[in-house]
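Summary of the model geometry
For reference, the chains in residue letters:
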Amino acid sequence: MGSEPGSDWALAGGFTRGPLGMFAVVISKAVILDLDDTLIVEEEVAHSSLRRAAELVTGRDPGQVVEVVLTTARRIWRAGPDYALCHQLGIASWEGLWATFEASPSILDEVREWAPVYRQEAWRAALQELGIDDPALAATLSDSYVESQRAPHPLIDGAAELVHFLEGRCQLGLLTNGPADIQHHKLAGTGLADCFGAVVISGEVGLGKPDPDVFALTLSRLDAKAASAVMVGDSWARDIIGALDAGLSAVWISAGRPQPEKRPNVTVVNAVGELVGRNF
Ligand SMILES: [Mg+2]
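Please read these numbers as outputs of a predicted model, since none were measured by experiment. (Residues numbered from 1 in each chain as written. Predicted model: local features only at pLDDT ≥ 70, side-chain atom pairs only at ≥ 80, totals over all residues.)

**Remarks on the pairing of strand β7 (residues 249-253)**
- Counting buried positions along β7 gives five out of five residues, so the element sits mostly inside the fold.
- Of the two faces of β7, the one lined by S249, V251 and I253 and the one lined by A250 and W252 are each fully buried.
- Pairing geometry for strand β6 (residues 229-233) and β7, over four bridges, is parallel. Bridged to V230 within β7 is S249. (Buried ≥ 20, exposed ≤ 12 C-beta atoms within 10 Å, placed from the backbone. Helix = DSSP H or I, 4+ residues; strand = E, 2+ residues; numbered from the N terminus. Pairing = 2+ DSSP bridges.)

Structure below.
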């Protein structure tokens, strides 16, 4: 797994001959970071928030309740208005359980109007699935989930150090899929929002990774070129393939997962903290 750091980093930034005739890697002009599960813990937090809500259902195994909620929410989310659009923008069913879709473009108007109904239906149907017909309890669980999710999401080890290391050394962008309101909320919770020259959110611009156009949009906001830019993210399909298709290099955060396929211009690291102090 992984590739040799030297060659791939060089592809991101290019080599130059230093004063002593030695080759050194030049930092890329632009580095674009993903947010969820790259800089902050996301899926695990969502799972813990669901679990906290599930523990309010007396006499049931919280693990089972979580599974039923996830399955039921997914089914209802997929049957909702503009599911194809939400999928394209990378907005997941568990995000719909706490997003308001404020600051979203008009293409998400129907989803914004439906969101409160979806939340109510998802929790109520999940409880019914468990043989519990209790709308008041469903509302309590929904409120519990929203409250837990609105607490700051923890930064992944080394993420803040990486952002501060890159800030000032290159054009630094953030490109994330998700509803505008919750992505902004999570980013604000990190205290790092001001470090980025551009913050692009799929649910705000109406384009999501892996669409090459959203990478092009981010690059244009950074005044950078694809050939001298690198995308760092944990999603192979959305961050890495999207970046490559848009002409960027990429760094995949594997978190121990096997690399799906060998591709040029991709560096693999196990965790974001490994990137601190390294040349891009
Ligand atoms: Mg991610």
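**Some details on the environment of A159**
- Secondary-structure assignment places A159 in helix α8 (residues 159-166).
- With 23 C-beta atoms counted inside 10 Å, the residue A159 sits in the buried group.
- Measuring from C-alpha to C-alpha, the distance between A159 and E43 comes to 16 Å, with 116 residues separating the pair along the chain.
- When near neighbours in sequence (up to four residues on either side) are disregarded, A159 contacts L39 and V272. (Contact = placed C-beta atoms within 7 Å.)

**A closer look at the sheet that holds β7**
- With respect to topology, six strands assemble into an open sheet ordered β5-β4-β3-β6-β7-β8, the strand pairing being parallel. The open sheet terminates on both sides in strands that have one partner only, identified here as β5 (198-201) and β8 (266-269). Between one strand axis and the next, the sheet turns by 20° as a mean value, whatever way the strands run.
- Of the strand pairs in this sheet, strand β4 (residues 171-176) and β5 are connected by four bridges, and their pairing is parallel. Its bridge partner lying in β5, G173 is registered against A198.
- Contacts between helix α9 (residues 180-190) and the sheet are confined to β4 and β5, with β5 contributing the most and set at about 140° to the helix.
- Along the sheet, helix α11 (residues 212-222) makes contact with β3 (30-33), β4, β5 and β6, crossing β5 at roughly 160°. (Axes fitted to C-alpha atoms, helices over the stretch in contact; angles between N-to-C directions.)

**Quick word on the nonpolar core**
- The biggest cluster of nonpolar side chains holds 47 residues, and the ones touching the most others in it are A30, V31, V230, L248, A250 and W252.
- Core analysis: the second largest hydrophobic core is formed by 32 residues, C86, A92, L108 and V111 among them. (Core = buried A, V, L, I, M, F, W, Y, C linked by C-beta atoms within 7 Å.)

**As for the domain arrangement of the chain**
- Split into domains, the chain comes out as domain 1 (5-41 + 154-275) and domain 2 (43-150).
- Domain 1 and domain 2 are separated by 30 Å when their C-alpha centres are compared.
- Contacts between the two partners involve 16 residues from domain 1, matched on the other side by 19 residues from domain 2.
- Those elements giving two or more residues to the side of domain 1 that touches domain 2 turn out to be α9 and α10 (202-205).
- Its residues assigned to classes, the side of domain 1 that touches domain 2 shows four nonpolar, seven polar and five charged. (Domains from an automatic or database assignment. Nonpolar A, V, L, I, M, F, W, Y, C, P; charged D, E, K, R; others polar.)

**Regarding unusual backbone geometry**
- P210 follows K209 through a cis peptide bond whose omega is 15°.
- Mapped onto the secondary structure, P210 falls in the loop between α10 and α11.
- Within the chain, A103 stands out as a residue other than glycine whose phi angle is a positive 65°.
- By the C-beta count within 10 Å, which is 15 here, A103 ends up partly exposed.

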